[in-house]
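Results of the structural survey
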Amino acid sequence: MHFFRLALVVAFKDLRAEFRTKEAINASLAFALVILLMFSFAFDPESEMTREISGGLLWIVFAFAGTLILNRSFAREIPNDCLDALIAAPVPGSALFLGKAVANYILVFAVELIALPVFAIFNNVTSSITAHLGQLLMVMALGTWGMTIIGTIFSALTVNIRLREVMLPMLTYPILVPALMGAMQLTAALVTGAGIGPANDAWLKMLIGFDVVYTAASLVLVETVLVG
């Protein structure tokens with residue numbers, strides 16, 4: 001319980017710092033809405049092909065918008081040597097990492113929840129999303145956690161690199177391919193009204209397995225990443 005209490009303290013600190021400035025969440029939300037608007041002009045909402053690829057389009061927006069938040073996770077600790085103070089504090093590296101991951105998850109998921117109805121309206125899929133809203137939120141929760149875990153660990157890895165804004169996406173997206181593929185396939189099925197069933201539940205199992213494996217690996221390796 002002490003471990004989780006420390007993680008929650010770190011998460012609350014990050015959330016309070018972000019809500020004080022709102023620089024990352026505002027940039028991420030604005031980016032997501034603009035890209036969704038551009039996609040609505042680029043693709044015909046009434047086309048059947050657009051419905052089939054809409055899951056991929058939605059997760060492309062989520063992935064790029066989420067990076068803007070994840071990139072700030074450890075970068076905000078650089079001024080005044082706050083990162084060195086956190087590492088020197090009597091807090092396990094895994095608790096520090098988990099707290100930051102939870103804070104990032106809440107911020108990214110909040111942006112996604114705002115962007116989802118905009119996506120539904122622009123692509124004329126409101127009825128499909130409403131019919132399978134519970135399953136879609138489950139897929140979003142699982143996919144976002146995988147994206148957050150990978151993004152947070154690589155944010156710690158690239159925090160001292162001068163071009164971290166470029167390096168973070170380059171390192172994150174290749175590893176995220178299995179999770180994004182699973183989330184895209186499941187979201188596309190839900191948007192087209194098929195739902196999650198025996199035909200595509202393998203993607204759901206892969207998404208869950210991805211989250212479990214990379215969460216465990218990140219908690220084990222974060223001390224090495226932070227301290228070296």
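To start, this report covers the structure provided alongside it. (Residues numbered from 1 in each chain as written. Predicted model: local features only at pLDDT ≥ 70, side-chain atom pairs only at ≥ 80, totals over all residues. Heavy atoms only, no water.)

1. Considering the side chain of Asn123
Filter applied, for reference: Helix and strand assignments follow DSSP, with helices taken as H or I runs no shorter than four residues and strands as E runs no shorter than two, numbered in order from the N terminus. The buried label goes to any residue with under 20% of its type's maximum accessible area, the exposed label to any with over 50%, and the partly exposed label to all in between, with areas taken from a 1.4 Å probe on protein chains only. Whenever a nitrogen or oxygen atom comes within 3.5 Å of another N or O atom, the pair is scored as a polar contact, on the condition that within protein one atom can donate a hydrogen and the other can accept it, and that pairs from neighbouring residues in sequence are kept only if both atoms are in side chains.
Counting through the fold element by element, Asn123 comes out in the loop between α6 (93-122) and α7 (126-131). On the accessibility criterion, Asn123 (6% relative accessible area) is buried. From its side chain, Asn123 meets the backbone oxygen of Phe119 in a polar contact 3.0 Å long.

2. Details of the packing of α6 against helix α8 (residues 133-157)
Our working rule: All axes here are fitted lines through C-alpha atoms, helices being fitted over the stretch that makes contact, and every angle between N-to-C directions spans 0 to 180 degrees. In what follows, roughly perpendicular refers to angles from 65 to 115 degrees, roughly parallel to angles under 35, roughly antiparallel to angles over 145, and oblique to any angle outside these ranges. Crossing handedness is defined as follows: a turn of the near helix away from the far one that is anticlockwise and smaller than a right angle gives a left-handed crossing, while the clockwise case is right-handed. Contacts: residue pairs with any heavy atoms within 4.5 Å of one another. Each residue is assigned to one class: nonpolar for Ala, Val, Leu, Ile, Met, Phe, Trp, Tyr, Cys and Pro, charged for Asp, Glu, Lys and Arg, and polar for all the others, Gly among them.
Where α6 contacts α8, the two axes come as close as 9 Å, and the packing angle between them is 135 degrees. By the angle between their axes, α6 is oblique relative to α8. Read as a crossing pair, α6 and α8 show a hand that is right-handed. Counting all contacts with α6, which are made through Phe97, Leu98, Lys100, Ala101, Val102, Asn104, Tyr105, Val108, Phe109, Glu112, Leu113 and Leu116, the residues of α8 involved are Leu136, Leu137, Met140, Ala141, Thr144, Trp145, Met147, Thr148, Ile149, Thr152 and Ile153. For the contact of α6 with α8, a count of residues per class yields 17 nonpolar, 4 polar and 2 charged.

3. Notes on the nonpolar core
To keep things clear, this is the line we draw: Nonpolar cores were defined as sets of buried Ala, Val, Leu, Ile, Met, Phe, Trp, Tyr and Cys residues, with membership established by side-chain atoms within 4.5 Å.
Residues Trp59, Leu116, Phe119, Ile129, Val139, Met140 and Leu176 are the most contacted members of the largest nonpolar core, which totals 66 residues. At the level of elements, α1 (2-21), α2 (23-42), α3 (48-70), α5 (82-88), α6, α8, α9 (164-191) and α10 (201-227) are the ones that each hand at least two residues to this core. Ranked by residue count, the leading element in this core is α6, at 14 residues. Residues within four places of Ile129 in sequence aside, it is in contact with Leu116, Phe119, Ala120, Leu136 and Val191.

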